[in-house]
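# Architecture at a glance
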Amino acid sequence: DTGVSQDPRHKITKRGQNVTFRCDPISEHNRLYWYRQTLGQGPEFLTYFQNEAQLEKSRLLSDRFSAERPKGSFSTLEIQRTEQGDSAMYLCASSLVGLTYNEQFFGPGTRLTVL
Amino acid sequence: GEDVEQSLFLSVREGDSSVINCTYTDSSSTYLYWYKQEPGAGLQLLTYIFSNMDMKQDQRLTVLLNKKDKHLSLRIADTQTGDSAIYFCAEKENQGGKLIFGQGTELSVKP
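Structural notes, computed from the coordinates. Just so it is clear, the structure is predicted and the values come from calculations on it, not from any experiment. (Residues numbered from 1 in each chain as written. Chains lettered and ligands numbered in written order. Predicted model: local features only at pLDDT ≥ 70, side-chain atom pairs only at ≥ 80, totals over all residues. Heavy atoms only, no water.)

A few words on the state of the cysteines. Applying the stated criterion across every chain yields a total of 2 disulfides over all chains. Disulfide pairing places C23(A) opposite C92(A) at an S-S distance of 1.8 Å. With the S-S dihedral at roughly -65 degrees, the linkage between C23(A) and C92(A) falls on the left-handed side. Placement of the pair is C23(A) in strand 3 (residues 19-24) and C92(A) in strand 9 (residues 88-95), with a sequence separation of 69 residues. This pair shows no difference in class: C23(A) is buried, exactly as C92(A) is. The disulfide partner of C22(B) is C89(B), and the gap between their sulfur atoms is 1.9 Å. Its S-S torsion of about -55 degrees marks the bond between C22(B) and C89(B) as left-handed, since a negative value means left-handed. Note that C22(B) is positioned in strand 3 (residues 18-24) and C89(B) in strand 9 (residues 85-92), a separation of 67 residues in sequence. (Disulfide = S-S within 2.5 Å. Helix = DSSP H or I, 4+ residues; strand = E, 2+ residues; numbered from the N terminus. Buried < 20%, exposed > 50% of the residue type's maximum accessible area, 1.4 Å probe, protein only.)

The following block contains the structure:
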């Protein structure tokens, strides 16, 4: 297993366009998290899944954002009608509930630039 | 709400010790973490500490936890230029396990 992967690594889009990012977690991990990181800040939680169920969404996740994890494996994060303020690094992490310290393993991120 | 704060910058000379400090607000957090982020790379877990511990040592890394003051520190002994990176302190929310991160401390190691 090569860890958490994200695709694409970089995305440049024009304001108003829709974008979709994909995250492939470590294969046996049942939890999957999305975070957003802007320049000079730490990652901020967006949402998480346990298997295919989306259990929590942050207030940061406006109705233009939607996330899915249809079969409890990979996840997608879609942003509709992108705005310049959506420019950020979008990070995905996965973990296995039951590990004593519940380490979250992070992917390399998708850097979104909205022009 | 939960909040985690760190100083933004630290500069040390190679071979010296580095101490990065963090304060947090959620006293119910069971685990606290230190992550490292290098340019263009993802977040890498360096170490963690369980809330009933005061100290944890792992090779060059020493984590100190003062629960009363909600203060966490990371000491890196014999700091090397390869340790230059941004270090994030994070607390884990008990309910869903999301991580609350500080703003990060940029460590610069000068030869």
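Having put the structure on the table, let's press on.
With that settled, the discussion passes to the environment of D3(B). All names here are of chain B. Among the secondary structure elements, D3 is positioned in the segment before strand 1 (4-6). Residues D3 and T105, 102 residues apart in the sequence, show an inter-C-alpha distance of 15 Å. Not counting the four nearest positions on each side in its chain, D3 is found in contact with T23, Y24, T25 and E91. (Contact = heavy atoms within 4.5 Å.)

Take the sheet that holds strand 8 (residues 75-79) of chain A next. All names here are of chain A. If you walk across this open sheet you meet the 4 strands as 1-3-8-7, and the pairing is antiparallel. This sheet does not close on itself; its edge strands, each paired only once, are strand 1 (5-7) and strand 7 (65-68). Neighbour-to-neighbour, the strand axes of the sheet open up by a mean angle of 15 degrees, direction not taken into account. Bridge count for strand 7 against strand 8 is 4 bridges, and the pairing is antiparallel. What sits directly across from F65, in strand 8, is I79. (Pairing = 2+ DSSP bridges. Axes fitted to C-alpha atoms, helices over the stretch in contact; angles between N-to-C directions.)

Turning our eyes to something else, we now look at the packing of aromatic side chains. In this structure the tally under the stated criterion is 15 aromatic pairs over all chains. Here F21(A) and Y90(A) contribute two aromatic rings whose centre-to-centre distance is 5.4 Å and whose plane-to-plane angle is 45 degrees, an arrangement assigned as tilted. Taken together, the residues F21(A) in strand 3 and Y90(A) in strand 9 connect sequence positions 69 residues apart. With centroids separated by 6.3 Å and ring planes inclined at 40 degrees, the aromatic side chains of Y33(B) and Y35(B) adopt a geometry described as tilted. (Phe/Tyr/Trp six-rings, centres within 6.5 Å; stacked < 30°, edge-to-face > 60°.)

Next up on the list: the sheet that holds strand 3 of chain B. Residue and element names in this part refer to chain B. Across the sheet, which stays open at both edges, the 5 strands sit in the order 1-3-8-7-6 with antiparallel pairing between neighbours. Of all strands in the sheet, those with a lone pairing partner are strand 1 and strand 6 (55-58), marking the two edges. Taken pair by pair, the neighbouring strands of this sheet meet at an average axis angle of 15 degrees, ignoring direction. Summarising the sheet, strand 7 (residues 61-66) and strand 8 (residues 71-76) pair through 6 bridges and their orientation is antiparallel. If you follow L64 over to strand 8, its bridge partner there is S73.

Residue and element names in this part refer to chain A. Summarising the element assignment, I26 is placed in the loop between strand 3 and strand 4 (31-37). Under the relative-accessibility criterion, I26 is labelled buried at 9%. As for I26 and G42, which are separated by 16 residues in sequence, their C-alpha atoms are 23 Å apart.

You'll often see interface size given as the accessible area lost when the parts meet. Of the residues lining the interface, 20 residues belong to chain B; the matching set on chain A comes to 21 residues. Summed over both sides, the interface of chain B with chain A buries roughly 1,600 Å², with 51% coming from carbon and sulfur. Put simply, chain B and chain A have 1 salt bridge between them. The residue E56(A) makes a salt bridge to K98(B) at a minimum N-O spacing of 2.9 Å. The tally of links from chain B across to chain A stands at 5 residue pairs in polar contact (both at pLDDT 80 or more). Of all elements in the fold, only strand 4 (31-37), strand 5 (43-50), strand 9 and strand 10 (99-101) of chain B reach the threshold of two or more residues within the side of chain B that touches chain A. With 4 residues, the single largest contributor to the side of chain B that touches chain A is strand 4 of chain B. For the side of chain B that touches chain A, the residue count by class is 9 nonpolar, 8 polar and 3 charged. (Buried area = accessible area lost by both parts, 1.4 Å probe. Salt bridge = Lys/Arg side-chain N within 4 Å of Asp/Glu carboxyl O. Polar contact = N/O pair within 3.5 Å; in protein donor to acceptor, adjacent residues only side chain to side chain. Nonpolar A, V, L, I, M, F, W, Y, C, P; charged D, E, K, R; others polar.)

Purely geometric stuff here, so don't read any function into it on its own.
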